[in-house]
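Given next are the chains, with one letter for each unit.
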Amino acid sequence: MLPFTLDGLPAEGRAGDTVAAALLALGHLACRHSAVGGVERGPYCMMGLCFDCLVEIDGQGNRQGCLTLLRPGMAIRLQPGRRALGQ
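From a predicted model like this one, the values you see are computed outputs, not experimental measurements.

Draft legend 1. Structural detail: the side chain of Arg32. Among the structural elements, Arg32 can be located in strand β3 (residues 32–33). In this structure Arg32 comes out as buried when scored by relative accessible area, which is 14%. Within the structure, Arg32 has its side chain in polar contact with the backbone oxygen of Phe51 (distance 3.3 Å). If we ignore the near neighbours within four places in the chain, the residues touching Arg32 are Val39, Glu40, Arg41, Phe51, Asp52, Leu54 and Gln79.

Draft legend 2. Structural detail: unusual backbone geometry. Within the chain, Phe51 stands out as a residue other than glycine whose phi angle is a positive 60 degrees. Counting through the fold element by element, Phe51 comes out in the loop between β4 (40–41) and β5 (54–57). Phi at Asp58 takes a positive value of approximately 50 degrees, unusual for a residue other than glycine. Checked against the element boundaries, Asp58 lands in the loop between β5 and β6 (60–64). The partly exposed category is assigned to Asp58, whose relative accessible area is 42%.

Definitions and cut-offs
Residues numbered from 1 in each chain as written. Predicted model: local features only at pLDDT ≥ 70, side-chain atom pairs only at ≥ 80, totals over all residues. Heavy atoms only, no water. Helix = DSSP H or I, 4+ residues; strand = E, 2+ residues; numbered from the N terminus. Buried < 20%, exposed > 50% of the residue type's maximum accessible area, 1.4 Å probe, protein only. Polar contact = N/O pair within 3.5 Å; in protein donor to acceptor, adjacent residues only side chain to side chain. Contact = heavy atoms within 4.5 Å.

Shown next, in the form of structure tokens:
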């Protein structure tokens, strides 16, 4: 198991999983909210086309969780609301 933090709380995922897969395995179906209406969005295509799996990883926002392999010690945060450019 790989330890990481999710919104500041300890969590674990499996070696070889992407960030999006680890979040889904933990029961987190949504990882961000849409810019219009605040609707929950979560991993959909799992291959980098839809951008619904955006999360903050180690302080860098707007990272595609489905394309990022989980590493030990990652600090992952869910992204509420509109994306901020340049983050």
